[in-house]
Amino acid sequence: HSLESMYLSKHYWVDWVKDAEDERLSDAMIAYWTSFAASGKPGAAAVPAWPAYSEASPKAQELGRHVGSVAVPRADAMKVFEKVIEAQEKERAAK
């Protein structure tokens, strides 16, 4: 998680070759984090919308060369985590 610190502070590593995309990503990350800290929602006028997760239309927010919502990567592979969570919830309910 050291990369986000670099983008949030705009203090790039000494050997980092910064380009315009880095600046754009940094601005977006700062806007999302600031909005989330102030309101509990990661949205700001200057950046693409960050939609709430919905099982009907599963989206993730991509922060990189592209900033915006995308289909959840490897959604089928994530189903194993849903099974684990369901099992844990059943175990807790049985206690």
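So, here's what we can say about the structure. What you are looking at is a predicted structure, and each value in this text was computed from that prediction instead of being measured. (Residues numbered from 1 in each chain as written. Predicted model: local features only at pLDDT ≥ 70, side-chain atom pairs only at ≥ 80, totals over all residues. Heavy atoms only, no water.)

1. Considering the overall build of the chain
Piece 1. When helices and strands are counted, the chain shows three helices and two strands.
Piece 2. The N-to-C order of helical and strand elements in the chain reads α-α-β-β-α.
Piece 3. Since a compact globule built from 95 residues should have a radius of gyration of about 12 Å, the 17 Å found for the chain marks it as more spread out than a globular shape.
Piece 4. The C-alpha extent of the chain, read off along each of the three principal axes, is 55 × 30 × 25 Å.
Piece 5. Looking at the chain residue by residue over its 95 residues, the buried ones come to 17%.
Piece 6. Pairs at least 24 apart in sequence give 22% of the contacts found in the chain among residues at least 6 apart.
Piece 7. For the chain, the accessible surface area stands at approximately 7,300 Å², while carbon and sulfur atoms represent 60% of it.
Piece 8. The centroid of the 12 positive side-chain charges in the chain is displaced by 5 Å from the centroid of its 14 negative side-chain charges. (Helix = DSSP H or I, 4+ residues; strand = E, 2+ residues; numbered from the N terminus. Rg over C-alpha atoms; globule rule 2.2 N^0.38 Å. Buried < 20%, exposed > 50% of the residue type's maximum accessible area, 1.4 Å probe, protein only. Contact = heavy atoms within 4.5 Å. Areas by Shrake-Rupley, 256 points an atom, 1.4 Å probe, with all protein chains shown as cover. Lys, Arg positive; Asp, Glu negative; His and termini not counted. Charge placed at Lys NZ, Arg CZ, Asp CG, Glu CD.)

2. Remarks on a nonpolar patch on the surface
Piece 1. Nonpolar side chains collect at one region of the surface, where Met78, Val80, Phe81 and Val84 lie side by side and expose about 370 Å² of accessible area between them.
Piece 2. You can see Phe81 is positioned in helix H3 (residues 75-94). (Patch = residues over 30% accessible without salt bridge, like charges linked within 9 Å, V, L, I, M, F, W, Y side chains within 5 Å. Salt bridge = Lys/Arg side-chain N within 4 Å of Asp/Glu carboxyl O.)

3. With respect to the pairing of strand S1 (residues 59-63)
Piece 1. Two elements, S1 and strand S2 (residues 67-71), share five bridges in a ladder whose sense is antiparallel. Bridging across to S2, Leu63 finds its partner in Val67. (Pairing = 2+ DSSP bridges.)

4. Section: helix H2 (residues 20-39)
Piece 1. The terminal C-alpha atoms of H2, which comprises 20 residues, lie 29 Å apart, in line with the 28 Å expected from a rise of 1.5 Å per residue.
Piece 2. Buried positions along H2 lie against helix H1 (2-9), S1 and S2.
Piece 3. Taking the backbone nitrogen of Glu21 as reference, a side-chain oxygen 3.0 Å away marks Asp19 as the first, capping residue of H2.
Piece 4. Count one or two residues on from H2 and you reach Gly40, which has phi positive near 85°. (Expected span 1.5 Å × (residues − 1). Polar contact = N/O pair within 3.5 Å; in protein donor to acceptor, adjacent residues only side chain to side chain.)

5. Focus on the packing of H1 against H2
Piece 1. Axis separation between H1 and H2 bottoms out at 8 Å; the angle between their running directions is 90°. When the axes of H1 and H2 are compared, the pair comes out roughly perpendicular. Note on element contacts: H2 touches H1 through Asp22, Leu25, Ser26, Met29, Ile30 and Trp33, opposite Glu4, Tyr7 and Leu8.
Piece 2. Its residues assigned to classes, the contact of H1 with H2 comprises six nonpolar, one polar and two charged. (Axes fitted to C-alpha atoms, helices over the stretch in contact; angles between N-to-C directions. Parallel < 35°, antiparallel > 145°, perpendicular 65-115°, else oblique. Nonpolar A, V, L, I, M, F, W, Y, C, P; charged D, E, K, R; others polar.)

6. Quick word on the nonpolar core
One recurring pattern in soluble globular proteins: nonpolar side chains tend to sit buried together.
Piece 1. Among the nonpolar cores identified, the biggest contains 10 residues, and these are Met6, Tyr7, Tyr12, Leu25, Ala28, Met29, Ala31, Tyr32, Val47 and Val67.
Piece 2. Of all the secondary-structure elements, those providing two or more residues to this core are H1 and H2.
Piece 3. With five residues, the top contributor of residues to this core is H2. (Core = buried A, V, L, I, M, F, W, Y, C linked by side-chain atoms within 4.5 Å.)

7. Examining the pattern of salt bridges
Between side chains of opposite charge, pairing is possible as soon as their charged atoms come close.
Piece 1. Evaluation of the coordinates by the stated rule reveals five salt bridges.
Piece 2. The salt bridge involving Lys10 is made with Glu23; its shortest N-O contact spans 2.8 Å. Within this pair, whereas Lys10 is found in the loop between H1 and H2, its partner Glu23 is found in helix H2, the two being separated by 13 residues in sequence.
Piece 3. Taking relative accessible area as the criterion, Glu23 reaches 27% and is therefore assigned partly exposed.
Piece 4. Taken together, the salt bridges that share partners define one network made up of Lys10, Lys18, Glu23 and Asp27.

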